[in-house]
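The lines below spell out each chain.
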Amino acid sequence: GSSRVAAAVRVARGDEGDRAVFLGCGDTLFDFFLESEAGPGAATYAARAGGSPFNVAIGLARLGAEAALLAGLSSDMLGQRLARVLDAEGVSRRYVIPTDRPTTISLVGLDPKGVPAYQFYDSSDTGVEPSDLPEIGPEVTGLHFGSYTLAAAPVADAAAVLARANRHRFIS
(Lines give C-alpha, C1' and ligand atoms only; values in the text may rest on other atoms or scores of the structure.)
Protein backbone atom coordinates (compact mmCIF):
# COMPACT_ATOMS: atom_id res chain seq x y z
CA GLY A 1 0.00 0.00 0.00
CA SER A 2 0.91 3.64 0.34
CA SER A 3 2.95 3.02 3.52
CA ARG A 4 5.27 0.66 1.55
CA VAL A 5 5.72 3.32 -1.13
CA ALA A 6 6.42 5.99 1.50
CA ALA A 7 9.00 3.69 3.12
CA ALA A 8 10.65 3.06 -0.26
CA VAL A 9 10.84 6.79 -0.97
CA ARG A 10 12.40 7.45 2.48
CA VAL A 11 15.02 4.75 1.83
CA ALA A 12 15.73 5.92 -1.73
CA ARG A 13 16.02 9.58 -0.65
CA GLY A 14 18.53 8.61 2.00
CA ASP A 15 16.28 9.51 4.93
CA GLU A 16 17.29 6.20 6.53
CA GLY A 17 21.06 6.77 6.24
CA ASP A 18 23.20 6.29 3.14
CA ARG A 19 21.86 7.39 -0.23
CA ALA A 20 20.35 4.39 -2.01
CA VAL A 21 18.97 3.76 -5.48
CA PHE A 22 15.49 2.54 -6.32
CA LEU A 23 15.42 0.64 -9.63
CA GLY A 24 12.42 0.60 -11.97
CA CYS A 25 12.38 -2.64 -14.01
CA GLY A 26 10.18 -3.34 -17.02
CA ASP A 27 8.77 -1.40 -19.92
CA THR A 28 9.81 1.72 -21.78
CA LEU A 29 7.53 2.82 -24.57
CA PHE A 30 5.63 5.57 -26.24
CA ASP A 31 1.87 5.75 -25.74
CA PHE A 32 0.05 7.19 -28.74
CA PHE A 33 -3.33 8.55 -27.59
CA LEU A 34 -6.04 9.00 -30.19
CA GLU A 35 -7.02 12.67 -30.15
CA SER A 36 -9.23 13.03 -33.21
CA GLU A 37 -10.40 11.26 -36.32
CA ALA A 38 -11.15 12.73 -39.73
CA GLY A 39 -12.88 9.83 -41.39
CA PRO A 40 -11.66 6.24 -41.56
CA GLY A 41 -8.29 7.08 -43.11
CA ALA A 42 -7.02 9.93 -40.93
CA ALA A 43 -6.38 10.20 -37.19
CA THR A 44 -4.35 12.47 -34.92
CA TYR A 45 -2.40 11.01 -32.02
CA ALA A 46 -0.56 12.61 -29.09
CA ALA A 47 2.61 10.70 -28.15
CA ARG A 48 3.76 10.45 -24.53
CA ALA A 49 6.87 8.80 -23.14
CA GLY A 50 5.99 6.14 -20.64
CA GLY A 51 5.83 2.66 -19.26
CA SER A 52 5.01 1.95 -15.63
CA PRO A 53 8.59 1.46 -14.32
CA PHE A 54 9.76 4.40 -16.45
CA ASN A 55 7.10 6.61 -14.85
CA VAL A 56 7.78 5.27 -11.33
CA ALA A 57 11.50 6.05 -11.66
CA ILE A 58 10.70 9.58 -12.84
CA GLY A 59 8.21 10.07 -10.00
CA LEU A 60 10.75 8.95 -7.40
CA ALA A 61 13.40 11.26 -8.88
CA ARG A 62 10.95 14.15 -8.72
CA LEU A 63 10.42 13.35 -5.02
CA GLY A 64 14.16 13.67 -4.44
CA ALA A 65 15.03 9.97 -4.52
CA GLU A 66 17.91 8.40 -6.42
CA ALA A 67 16.26 6.40 -9.19
CA ALA A 68 17.48 4.27 -12.07
CA LEU A 69 15.85 2.28 -14.85
CA LEU A 70 16.50 -1.28 -15.93
CA ALA A 71 14.81 -1.91 -19.26
CA GLY A 72 15.52 -2.50 -22.90
CA LEU A 73 16.00 0.90 -24.53
CA SER A 74 16.17 1.22 -28.29
CA SER A 75 18.75 3.19 -30.22
CA ASP A 76 16.00 4.35 -32.62
CA MET A 77 14.49 7.84 -32.74
CA LEU A 78 11.88 7.14 -30.04
CA GLY A 79 14.41 5.37 -27.82
CA GLN A 80 16.70 8.39 -28.05
CA ARG A 81 13.78 10.58 -26.94
CA LEU A 82 13.11 8.26 -23.99
CA ALA A 83 16.80 8.52 -23.01
CA ARG A 84 16.61 12.32 -23.13
CA VAL A 85 13.54 12.27 -20.87
CA LEU A 86 15.36 10.07 -18.34
CA ASP A 87 18.38 12.37 -18.42
CA ALA A 88 16.25 15.51 -18.04
CA GLU A 89 14.42 13.96 -15.07
CA GLY A 90 17.61 12.84 -13.31
CA VAL A 91 16.98 9.10 -13.68
CA SER A 92 20.16 7.05 -14.04
CA ARG A 93 20.56 4.92 -17.16
CA ARG A 94 23.34 2.83 -15.60
CA TYR A 95 21.19 -0.32 -15.80
CA VAL A 96 19.57 0.33 -19.18
CA ILE A 97 20.02 -2.48 -21.70
CA PRO A 98 20.76 -0.95 -25.12
CA THR A 99 19.14 -2.60 -28.12
CA ASP A 100 18.65 -2.05 -31.82
CA ARG A 101 15.09 -3.43 -31.59
CA PRO A 102 12.47 -0.74 -32.26
CA THR A 103 10.88 1.12 -29.35
CA THR A 104 7.65 -0.44 -28.11
CA ILE A 105 4.55 1.51 -29.09
CA SER A 106 1.15 1.47 -27.43
CA LEU A 107 -1.87 2.81 -29.30
CA VAL A 108 -4.56 4.02 -26.90
CA GLY A 109 -8.13 4.70 -27.88
CA LEU A 110 -11.59 4.28 -26.40
CA ASP A 111 -13.83 1.30 -26.92
CA PRO A 112 -17.55 1.80 -27.69
CA LYS A 113 -18.28 2.15 -23.94
CA GLY A 114 -15.63 4.86 -23.50
CA VAL A 115 -13.14 2.58 -21.72
CA PRO A 116 -9.47 2.92 -22.71
CA ALA A 117 -8.35 0.19 -25.08
CA TYR A 118 -4.67 -0.59 -25.68
CA GLN A 119 -2.86 -2.18 -28.60
CA PHE A 120 0.82 -2.92 -27.97
CA TYR A 121 3.48 -3.24 -30.66
CA ASP A 122 6.23 -4.90 -28.63
CA SER A 123 9.92 -4.87 -29.26
CA SER A 124 12.70 -3.06 -27.34
CA ASP A 125 11.50 -3.82 -23.82
CA THR A 126 9.91 -7.24 -24.33
CA GLY A 127 13.03 -8.71 -25.99
CA VAL A 128 15.14 -8.56 -22.81
CA GLU A 129 16.36 -12.03 -21.85
CA PRO A 130 17.83 -13.28 -18.56
CA SER A 131 21.30 -13.34 -20.15
CA ASP A 132 20.96 -9.57 -20.86
CA LEU A 133 20.60 -8.64 -17.20
CA PRO A 134 23.38 -6.52 -15.68
CA GLU A 135 24.78 -7.18 -12.22
CA ILE A 136 22.88 -5.10 -9.68
CA GLY A 137 25.14 -2.99 -7.49
CA PRO A 138 24.94 -2.74 -3.70
CA GLU A 139 23.57 0.83 -3.95
CA VAL A 140 20.24 -0.56 -5.19
CA THR A 141 17.99 -1.13 -2.20
CA GLY A 142 14.65 -1.52 -3.96
CA LEU A 143 13.26 -2.74 -7.26
CA HIS A 144 9.89 -1.95 -8.81
CA PHE A 145 8.64 -4.39 -11.44
CA GLY A 146 5.83 -3.31 -13.60
CA SER A 147 3.29 -3.52 -16.21
CA TYR A 148 2.73 -5.69 -19.20
CA THR A 149 6.34 -6.85 -19.46
CA LEU A 150 5.62 -9.15 -16.51
CA ALA A 151 3.39 -11.18 -18.85
CA ALA A 152 5.44 -11.04 -22.07
CA ALA A 153 8.21 -13.55 -22.74
CA PRO A 154 11.18 -13.43 -22.69
CA VAL A 155 11.28 -10.28 -20.53
CA ALA A 156 8.90 -11.84 -17.98
CA ASP A 157 11.43 -14.64 -17.49
CA ALA A 158 14.19 -12.05 -17.04
CA ALA A 159 12.06 -10.23 -14.43
CA ALA A 160 11.53 -13.48 -12.52
CA VAL A 161 15.28 -14.20 -12.52
CA LEU A 162 16.02 -10.64 -11.38
CA ALA A 163 13.42 -10.74 -8.59
CA ARG A 164 14.68 -14.09 -7.28
CA ALA A 165 18.30 -12.89 -7.33
CA ASN A 166 17.35 -9.72 -5.44
CA ARG A 167 14.78 -11.05 -2.98
CA HIS A 168 16.91 -9.66 -0.14
CA ARG A 169 16.05 -6.13 -1.35
CA PHE A 170 12.76 -4.22 -1.22
CA ILE A 171 10.56 -5.45 -4.11
CA SER A 172 7.36 -3.85 -5.33
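Our subject is the structure that appears above.
Cut-offs and rules
- Residues numbered from 1 in each chain as written.
- Predicted model: local features only at pLDDT ≥ 70, side-chain atom pairs only at ≥ 80, totals over all residues.
- Heavy atoms only, no water.
- Pairing = 2+ DSSP bridges.
- Helix = DSSP H or I, 4+ residues; strand = E, 2+ residues; numbered from the N terminus.
- Contact = heavy atoms within 4.5 Å.
- Axes fitted to C-alpha atoms, helices over the stretch in contact; angles between N-to-C directions.
- Polar contact = N/O pair within 3.5 Å; in protein donor to acceptor, adjacent residues only side chain to side chain.
- Buried < 20%, exposed > 50% of the residue type's maximum accessible area, 1.4 Å probe, protein only.
- Right-handed = clockwise from strand over helix to strand, strands pointing away.

Draft legend 1. Structural view of the sheet that holds strand S4 (residues 66-70). Here we have 4 strands laid out as an open sheet, ordered S4-S1-S9-S10, and parallel in their pairing. A strand with exactly one partner marks an edge of an open sheet, and here the two such strands are S4 and strand S10 (170-171). Strand direction decides the pairing type here: strand S1 (residues 21-26) and S4, joined by 5 bridges, are parallel. Within S4, the residue paired with Leu23 across the bridge is Ala68. Against the sheet, helix H2 (residues 52-62) touches S1, S4 and strand S9 (140-146), its axis set at about 165 degrees to S4. Docked against the sheet, helix H4 (residues 155-165) engages S1, S4, S9 and S10, running at close to 150 degrees with respect to S9.

Draft legend 2. Just the sheet that holds strand S3 (residues 43-50), in detail. Judged by pairing direction, the sheet is mixed, and its 4 strands sit side by side in the order S3-S2-S7-S8 without closing on themselves. Only two strands of the sheet have a single neighbouring strand rather than two, namely S3 and strand S8 (116-121). Taking the axes of each pair of neighbouring strands and ignoring which way they run, one obtains an average angle of 25 degrees across the sheet. Sitting on the sheet, helix H3 (residues 77-89) is in contact with strand S2 (29-37), S3 and strand S7 (104-110), with an inclination near 105 degrees to S2.

Draft legend 3. Inspection of the side chain of Ser106 at higher detail. For Ser106, the location among the structural elements is in strand S7. A distance of 3.2 Å separates the side chain of Ser106 from the side chain of Asp31, its partner in a polar contact. Ignoring any residue separated from it by four or fewer positions in sequence, one finds Ser106 in contact with Leu29, Phe30, Asp31, Phe32, Tyr118, Gln119 and Phe120.

Draft legend 4. Fine view of unusual backbone geometry. Cis geometry marks the peptide bond from Ala153 to Pro154; its omega dihedral reads 5 degrees. Considering the arrangement of structural elements, one finds Pro154 in the loop between S9 and H4. Positioned with a positive phi, Ser147 is a non-glycine residue whose angle comes to about 70 degrees. Under the relative-accessibility criterion, Ser147 is labelled partly exposed at 39%.

Draft legend 5. A look at the pairing of S9. Counted residue by residue, S9 has 6 buried out of 7 residues, so it is predominantly covered. Pairing between S9 and S10: 2 bridges, direction parallel. Residue pairing in the sheet places Leu143 in a bridge with Ile171 of S10. Following the chain from S9 across H4 to the adjacent parallel S10, one finds a crossover that is right-handed.

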